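Architecture and fold: a report
So you can see what is in the structure, the chains are spelled out below.
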Amino acid sequence: MSVDEKVRPVRSIGRAGRIARGLIQALVPTERTIVTREGLGYFLVMLVLLAAGMLQQINLILLVATTAAGPFVASWFGSRAMLRRLSVIRRSPGYVFAGDPLVVDYTLENGRRRMAALAVFVEDQLVSAERGVTGAASTPHAFFPRVAARDRARVRRQGESPRRGKYRFQNLDLGTRAPFGIVERRVTIPMPEPLFVYPRIGRLTRRWFQLQRQTSENRLGRRHDRSAQQEEYHGLRDYRSGDSSRWIHWRTSARRGVLMVKEFEQQNEQDLAILIDPWLPRTKVSPQQREAVEQAISFAATVCLETCRRQGRRLVMGWTGATPGVIQGPASVKLLHELLEQLAVLRPVNEGGLAELLDALPPPTIRDALLIVASTRPINLMEEAERSTRLNAASARSLIGRVLAFNATQGELDGLIQFA
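Residues numbered from 1 in each chain as written. Predicted model: local features only at pLDDT ≥ 70, side-chain atom pairs only at ≥ 80, totals over all residues. Heavy atoms only, no water.

Turning next to the overall build of the protein chain. The secondary structure content of the protein chain amounts to eleven helices and 22 strands. Among the 420 residues that make up the protein chain, the fraction classed as buried is 42%. Of all intrachain contacts in the protein chain linking residues separated by at least 6 positions in sequence, the fraction that spans at least 24 positions is 75%. Accessible area for the protein chain stands at about 23700 Å²; split by element, carbon and sulfur atoms hold 53% of it. (Helix = DSSP H or I, 4+ residues; strand = E, 2+ residues; numbered from the N terminus. Buried < 20%, exposed > 50% of the residue type's maximum accessible area, 1.4 Å probe, protein only. Contact = heavy atoms within 4.5 Å. Areas by Shrake-Rupley, 256 points an atom, 1.4 Å probe, with all protein chains shown as cover.)

Next up, the structure:
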């Protein structure tokens, strides 16, 4: 085969590619020229002058009308030239917590040798990536007054983050109205990018740590032998019967006139399981019930965050539904993001229950872990354990002794988590 025979197919493929790109641009144009409201008024005035000059046969009016067409034509072609050899970069965080500001950086680079870029704007669009949700959640934008030739400029846009969920940035529009604001030229740049809005994070209160410690102590049937290696100083509390005299803080006790002891946050290695029951009725859902679901999810996210800050513990998270789900693994940053991504897209359910979720949990979790149940409806633990196909009477009693159940609808989470 000769060289010409080898090159001919390559040329035909290149020609076919250009034709395909041309068809795509014709069907889905990436460049648009729009006459602005000011430009439309300018054009109407120009037509009126032209019509008056022709009807009255006044050459001066005709001269003014034709002269007025100059800025319109210059805007039409000048706006197109203004966007040549420009590139834009979007830097988004990838994830953000609900309630925190969403910060997006836009960098505009001018690749031209001599001509500066003037009055260039960027319009972005953030939409939900979940099924059944339509419409834009946010429309970030940035404006670049002037970017010199062979230079770049950066604009940071900070706005309110949308509610928790999975989102995606769609194609980005780069446009300008230079030089006269009569014509607007836009170029669409494909820049899809995902964004997770994690649940709102709060701060766990001292009461939560006390409940967690008491449940762990009840599981062992005795108080732990606390040492500096096992615990972290947490605060002071009133003296209770059974407290060691070594924990007494004598200076504070003398000042207050009552015995005060040091309170420690135990750092045991007991596995932790967080079970979420985001139940809502099929009809007549009140705003308070929806708020309770969000509070339960935020509480679970906060517990996951606090647990994953310390390695060495195994964390399990499960949620109810028609098909209950479970995520588990050693506490780590990677596991934390997996849990938060799931919580970001977790939606209320009206099917399934705690019994089905208990059947889906790993056997070690059922046997030894501390279980935290955050629900939005009253739960009878004994009835749920009896409905489970994996629990007998003995294992059910052992499990109930290791469960902390909270009904968010009744306000039982209010004293356990605080929001700034």
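What follows covers the packing of aromatic side chains. Aromatic rings considered in pairs are described by the distance between their centres and by the relative angle of their planes. Counting across every chain of the model gives seven aromatic pairs. Here the aromatic rings of Phe 299 and Phe 406 are separated by 6.1 Å at their centres, their planes lie at 75°, and the arrangement is edge-to-face. Of the two residues, Phe 299 sits in helix H6 (residues 287-308) while Phe 406 sits in strand S21 (residues 403-407), which places them 107 residues apart along the sequence. Owing to a relative accessible area of 1%, Phe 299 belongs among the buried residues under this scheme. (Phe/Tyr/Trp six-rings, centres within 6.5 Å; stacked < 30°, edge-to-face > 60°.)

Let us now look at helix H3 (residues 59-82). For H3, with 24 residues, the first-to-last C-alpha span of 35 Å sits near the 34 Å given by 1.5 Å per residue. Listed as buried for H3 are Ala 65, Ala 68, Phe 72, Ser 75, Ser 79 and Met 82. Here the buried face of H3 lies against strand S1 (31-35), helix H2 (37-56), strand S2 (86-91), strand S5 (117-123), strand S11 (172-176) and strand S12 (183-189). (Expected span 1.5 Å × (residues − 1).)

On to the pattern of salt bridges, then. Close approach of charged atoms allows side chains of opposite charge to pair. Following the criterion strictly, the structure yields 18 salt bridges and no others. The residue Arg 156 makes a salt bridge to Asp 105 at a minimum N-O spacing of 2.9 Å. Here the residue Arg 156 occupies a position in strand S9 (residues 151-160), and Asp 105 occupies one in strand S4 (residues 101-110), the gap between them amounting to 51 residues. Here Arg 156 falls in the exposed class, since its relative accessible area comes to 52%. Glu 294 is the partner of Arg 164 in a salt bridge, and the nearest nitrogen-oxygen pair spans 2.7 Å. One end of the pair, Arg 164, is in the loop between S9 and strand S10 (165-169); the other, Glu 294, is in helix H6, with 130 residues separating them in the sequence. Among the ionic contacts, a cluster of salt bridges with common partners joins Arg 32, Glu 123, Asp 173, Arg 177, Glu 184 and Arg 186. (Salt bridge = Lys/Arg side-chain N within 4 Å of Asp/Glu carboxyl O.)

A word on the layout of surface pockets. Estimated volume of the second largest pocket: approximately 290 Å³. Looking at the second largest pocket, the residues that line it are Ala 98, Arg 163, Arg 164, Pro 199, Arg 200, Glu 291, Glu 294, Gln 295, Ser 298 and Phe 419. Per-class residue counts for the lining of the second largest pocket are three nonpolar, two polar and five charged. (1 Å grid on protein atoms, 1.4 Å probe; cavity = no way out; pocket = protein on both sides within 12 Å on 5 of 7 lines; lining within 4 Å. Points joined across faces, edges and corners; volume = space filled by probe spheres on them. Nonpolar A, V, L, I, M, F, W, Y, C, P; charged D, E, K, R; others polar.)

As summarised here, the arrangement of the five strands in space is S1-S12-S11-S5-S8, forming an open sheet in which the pairing is antiparallel. If you trace the sheet from one side to the other, it starts and ends with S1 and strand S8 (141-147), each paired once. The sheet shows a mean angle of 20° between the axes of neighbouring strands, direction not considered. Of the strand pairs in this sheet, S5 and S11 are connected by four bridges, and their pairing is antiparallel. Its bridge partner lying in S11, Val 122 is registered against Leu 174. Sheet strands touched by H3: S1, S5, S11 and S12. Its angle to S12, the strand with the most contacts, is close to 20°. (Pairing = 2+ DSSP bridges. Axes fitted to C-alpha atoms, helices over the stretch in contact; angles between N-to-C directions.)

Before going further, it helps to spend a moment on a positive patch on the surface. On the surface, a cluster of positive charge is contributed by Arg 85, Arg 113, Arg 114 and Arg 150. Along the chain, Arg 85 turns up in the loop between H3 and S2. (Patch = residues over 30% accessible without salt bridge, like charges linked within 9 Å, V, L, I, M, F, W, Y side chains within 5 Å. Lys, Arg positive; Asp, Glu negative; His and termini not counted. Charge placed at Lys NZ, Arg CZ, Asp CG, Glu CD.)

Counted by the stated rule, this structure contains one cavity of 30 Å³ or more. In this structure, the largest cavity spans a volume of roughly 60 Å³. Contributing to the lining of the largest cavity are Leu 275, Leu 354, Leu 358, Leu 371, Val 373, Leu 381, Ala 385, Leu 399, Ile 400 and Val 403. Only helix H8 (354-360), strand S20 (370-375), helix H10 (381-387) and helix H11 (393-400) provide two or more residues apiece to the lining of the largest cavity.

Assignment of secondary structure puts Ser 92 in the loop between S2 and strand S3 (95-97). By relative accessible area, which is 16% here, Ser 92 ends up buried. Those residues within four positions of Ser 92 in sequence are excluded, and the remaining contacts are Phe 169 and Glu 193.

Moving on, we come to the pairing of strand S19 (residues 325-330). A regular strand places its side chains so that they alternate between the two faces of the sheet. The sheet contact formed by strand S18 (residues 314-319) and S19 spans six bridges and is antiparallel. Looking at the pairing, Trp 319 lines up with Gly 325 of S19. Taken together, S18 and the strand that follows it, S19, pair antiparallel across an intervening segment of five residues, in which Gly 321 is found at a positive phi of about 155°.

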